Amino acid sequence: MDESIQKLYFKVQTLESKITSLRLGRRILMNLLIEQENAKNQQIQILKHEIKRLNRILKNRH
């Protein structure tokens, strides 16, 4: 009986370890997605500013 209880404790520890690992993986993926999204937003801002600059040049020529 004692051995089966130890097996159950070991199984619980293994499952808890898997949960921790999955949470860490999820956190890493979320951080990567956030970084990627921030980089895209920054690029969009750069492009918008360039469009405004070019439009100003076009308006001043006419």
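This text follows the structure it describes.
1. Thoughts on the overall build of the protein
No. 1: Looking only at helices and strands, the protein has one helix and zero strands in total.
No. 2: With respect to the principal axes defined by its C-alpha atoms, the protein has extents near 90 × 10 × 5 Å.
No. 3: For the protein, with 62 residues in total, the buried portion stands at 0%.
No. 4: When the accessible surface of the protein is totalled, it reaches about 6500 Å², and 61% of it is carbon and sulfur.

2. Things to note about a nonpolar patch on the surface
No. 1: On the surface, Leu-24, Ile-28, Leu-29 and Leu-32 cluster together into a nonpolar patch covering about 390 Å² of accessible area.
No. 2: Among the secondary structure elements, Leu-32 is positioned in helix H1 (residues 2-61).

3. Structural notes on the pattern of salt bridges
No. 1: This structure, assessed with the given rule, holds three salt bridges.
No. 2: Across the pair Glu-37 and Lys-40 runs a salt bridge whose closest N-O atoms are separated by 3.8 Å. Here Glu-37 and its partner Lys-40 are both found in helix H1, three residues apart, which amounts to about one turn of the helix.
No. 3: Between Glu-50 and Arg-53 there is a salt bridge; the shortest N-O distance is 2.8 Å. One end of the pair is Glu-50 and the other is Arg-53, both in helix H1 and three residues apart, which spans about a single turn.

About the thresholds
Residues numbered from 1 in each chain as written. Predicted model: local features only at pLDDT ≥ 70, side-chain atom pairs only at ≥ 80, totals over all residues. Heavy atoms only, no water. Helix = DSSP H or I, 4+ residues; strand = E, 2+ residues; numbered from the N terminus. Buried < 20%, exposed > 50% of the residue type's maximum accessible area, 1.4 Å probe, protein only. Areas by Shrake-Rupley, 256 points an atom, 1.4 Å probe, with all protein chains shown as cover. Patch = residues over 30% accessible without salt bridge, like charges linked within 9 Å, V, L, I, M, F, W, Y side chains within 5 Å. Salt bridge = Lys/Arg side-chain N within 4 Å of Asp/Glu carboxyl O.

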